[in-house]
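# Summary of the model geometry
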Amino acid sequence: MQHPTFYITTPIYYPNAKLHMGHAYTTTLCDIIARYHRIKGDRTYFLSGADENTEKVVREAVQRGIDPIEYLDSVVAEFESLYERLHISHDQFIRTSDQVAHWPGAQAMWEQLVKSGDIYKQTYRGLYCVGAESFVTEKDLRPGGLCPDHDEAPHVVEEENYFFRLSKYTDVIRAKIESDELQIIPASRKAEILALLREGLTDVSFSRPAEKVTLGVPVPNDPSQKMYVWCDALTNYITALGYGRSDSALLQQFWPANLHVVGKDILRFHAAIWPAMLLSAGLPLPRAILVHGMITSGGRKMSKSLGNVIDPVELIDEYGAEAVRYYLAREVSPFEDGDITHETFKEVYNANLANGLGNLAARIMTMAEKYLEEPVSIKKFPFPNGYEEAFAQYNIQRAADIAWEDIGKLDAYIQETQPFKIVKIDREGARAIIAELVQRLSIIAHMLEPFLPESAGKIQTAIAENKKPENLFARKE
Ligand code: MSP
């Protein structure tokens, strides 16, 4: 029997600044899910990338006096270096500035929308927020006329644009989301998007005059227009697989995606505009969209001006990648907002990694090295109860909790049985207990593989060689 396929995507990130803990969150969440599916034997494809056709990049580059393309390359190189350091196991990193990999597919999609009669030209006057890369309405603005999510005032734009007939798809999308044919996880986000759909979708501007935007995919057959950044950005999920190119083997194998992971701020684009584009182009819809919350620091949105932005690279330098992965997986719910500060990070690092997992593995393997003559021959067991169910619901926090519950139980079992004392009076009895401890530790390591691939590997090697693992997590004072 052929193994099932599993296609998972991160959003593509704007390269106008370094990635912060929020972006690291989305990416790590996807990585953990992708690794779990590979362990299960699923043919897995994990896509990430950069959303480059944006005025934000141009604005930033101009401020720094650098050429936008040069600036893009340097920021994207930093993205890729963070991925490597965080042990992100993506199969492809797509860049929407890529005229070979991405542009033909984005244009092919446009042509499909035209064929379906869903693109029309109109003069438009509206308020555009570059921070949001989106038109905003007057009623959404905060006092002082600022965009609600971006600390900047939108500017008035009056221009001729192509529009996409989004309104036409309201009812079909609503039915598909209601029936879970397109699953929106968690239920609270499903309710939120359904409420929006009940109000009805309005058509969206899908292009900008070419002379007004620096970067962007040209609209087919009309050099005076470039595609609206979200229009080309969303198609990355299929252009990466070869849509619009001659080799579409990946597309056939992996589309529709099993899971798009997105933050709550971009739910509308993924659960309304993207499905409408796919329907218009006659392509199947993704199976599910997982919508996570925002990571705050000290209860406040991370921002340069508040000075509370947490840089994942700094944390990796100090604590190691696995500690960052641990924090994001277990201390943040995939369904709600989460918080991180340097203090909470250190606290949970010491409690659950240094004194928790690290200490447990060291204690057990020190006894094994001392009292067992050879490595324990490990029996393979299915994952413990609840673990697979948690992953099936994409609740990685619950799956990690199950592993740490077992870490706690194993600690308690050592206290109860005291093999290090018993060994003096009943050597064989103590050995049997130690062998059992090693076996149970190996089950924990197996559960930790998607979360902490490096540490899980170190523990498994230590078990195979019957010796204390290399220092896993040193205590931080
Ligand atoms: N380029 C668009 C996505 C296009 S996808 C076809 C974009 N980029 S972004 O860089 O601004 O954000 C990318 C992702 O990072 C989003 O899912 C967003 O929710 C997430 N996060 C940005 N800040 C965040 C936090 N503080 N916390 C958690 N996630 C956050 O939007």
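Structure report, in brief. Since the model is a prediction, treat every value here as computed from it, not as a measurement.

### Topic: empty space enclosed by the protein
Considering all chains together, one arrives at 1 cavity of 30 Å³ or more under this definition. Its volume calculated, the largest cavity comes out at about 80 Å³. Lining the largest cavity we find Asn53, Thr54, Glu55, Tyr128, Glu133, Arg208, Val213, Leu215, Gly216, Met227, Tyr228 and Val229. Of the residues that constitute the lining of the largest cavity, the class distribution is 6 nonpolar, 3 polar and 3 charged.

### Some words on the site of the ligand
The full set close to the ligand counts 23 residues, and Ile12, Asp51, Gly263, Asp265 and Ile295 are the nearest of them. Separating an oxygen atom of the ligand from a backbone N or O atom of Tyr14 is a distance of 3.2 Å. In this structure, Gly263 approaches the ligand through a main-chain N or O atom, which is 2.9 Å from an oxygen atom. The protein chains hide 92% of the 660 Å² of surface that the ligand would expose on its own. Sorting the residues of the shell around the ligand by element identifies strand 1 (5-13), helix 1 (21-40), helix 7 (229-234), helix 8 (236-239) and strand 11 (259-263) as the ones contributing at least two each.

### Details of the sheet that holds strand 5 (residues 134-136)
The strand order 5-4-6-8 describes an open sheet built from 4 strands, whose pairing is antiparallel. Both edges of this open sheet fall to strand 5 and strand 8 (204-205), since each of them pairs with a single strand only. Most of the contacts of helix 10 (residues 267-281) go to strand 6 (residues 155-164), to which it runs at about 35°, and overall it touches strand 5, strand 6 and strand 8.

### Some details on the packing of aromatic side chains
In this structure the tally under the stated criterion is 27 aromatic pairs. Arranged with centres 6.3 Å apart and planes meeting at 50°, the rings of Tyr7 and Phe254 form a pair that is tilted. In this pair, Tyr7 sits in strand 1 while Phe254 sits in helix 9 (residues 249-254), placing the two residues 247 residues apart along the sequence. As far as the burial class goes, Tyr7 and Phe254 line up, both buried. Between Tyr36 and Phe383, the aromatic rings sit 6.3 Å apart at their centres with planes inclined by 40°, giving tilted as the arrangement. Within this pair, whereas Tyr36 is found in helix 1, its partner Phe383 is found in the loop between helix 13 (342-371) and helix 14 (387-392), the two being separated by 347 residues in sequence.

Calculation rules
Residue numbering note: each chain is counted from 1, following its sequence as written. Per-residue local features are limited, in this predicted model, to residues with pLDDT of at least 70; the limit for side-chain atom pairs, both in listing and counting, is 80 or more; totals at the level of whole chains, interfaces and linings are taken over all residues. Think of the side-chain values as coming from all heavy atoms in the structure, minus any hydrogens and water. Cavities and pockets were defined on a 1 Å grid built over protein atoms only: a cavity is a set of grid points that admits a 1.4 Å probe from which the probe cannot escape, a pocket is an open set flanked by protein on both sides within 12 Å along at least five of seven lines, and lining residues are those with an atom within 4 Å of any such point. Grid points are joined across faces, edges and corners, and a volume is the space filled by probe spheres set on the points. Residue polarity is assigned by list, with Asp, Glu, Lys and Arg as charged and Ala, Val, Leu, Ile, Met, Phe, Trp, Tyr, Cys and Pro as nonpolar; anything else, Gly included, falls into the polar class. We call a residue near a molecule or strand whenever a single non-hydrogen atom of that residue lies within 4 Å of it. Two N or O atoms count as a polar contact when they lie within 3.5 Å, although within protein this holds only if one can serve as hydrogen donor and the other as acceptor, and sequence-adjacent residues are included solely when both atoms are side-chain atoms. The protein chains shown are the only cover counted for residues, whose accessible areas, like all others here, come from Shrake-Rupley with a 1.4 Å probe. The numbering of helices and of strands both runs from the N terminus, where a helix is a DSSP run of H or I of at least 4 residues and a strand a run of E of at least 2. The pairing criterion is simple: DSSP has to find at least two bridges between the two strands. Two residues qualify as a contact provided that any one of their heavy atoms is within 4.5 Å of a heavy atom in the partner residue. A fitted line through C-alpha atoms serves as each axis, taken over the contacting stretch for helices, and the angle formed by two N-to-C directions is quoted from 0 to 180°. Paired rings are identified among Phe, Tyr and Trp, the last through its six-membered ring, by centres lying within 6.5 Å, and are further divided according to the angle between planes into stacked (under 30 degrees), edge-to-face (over 60) and tilted (the rest). Relative accessibility decides the category of a residue: with a 1.4 Å probe and only protein chains considered, values under 20% of the type maximum give buried, values over 50% give exposed, and everything between is partly exposed.

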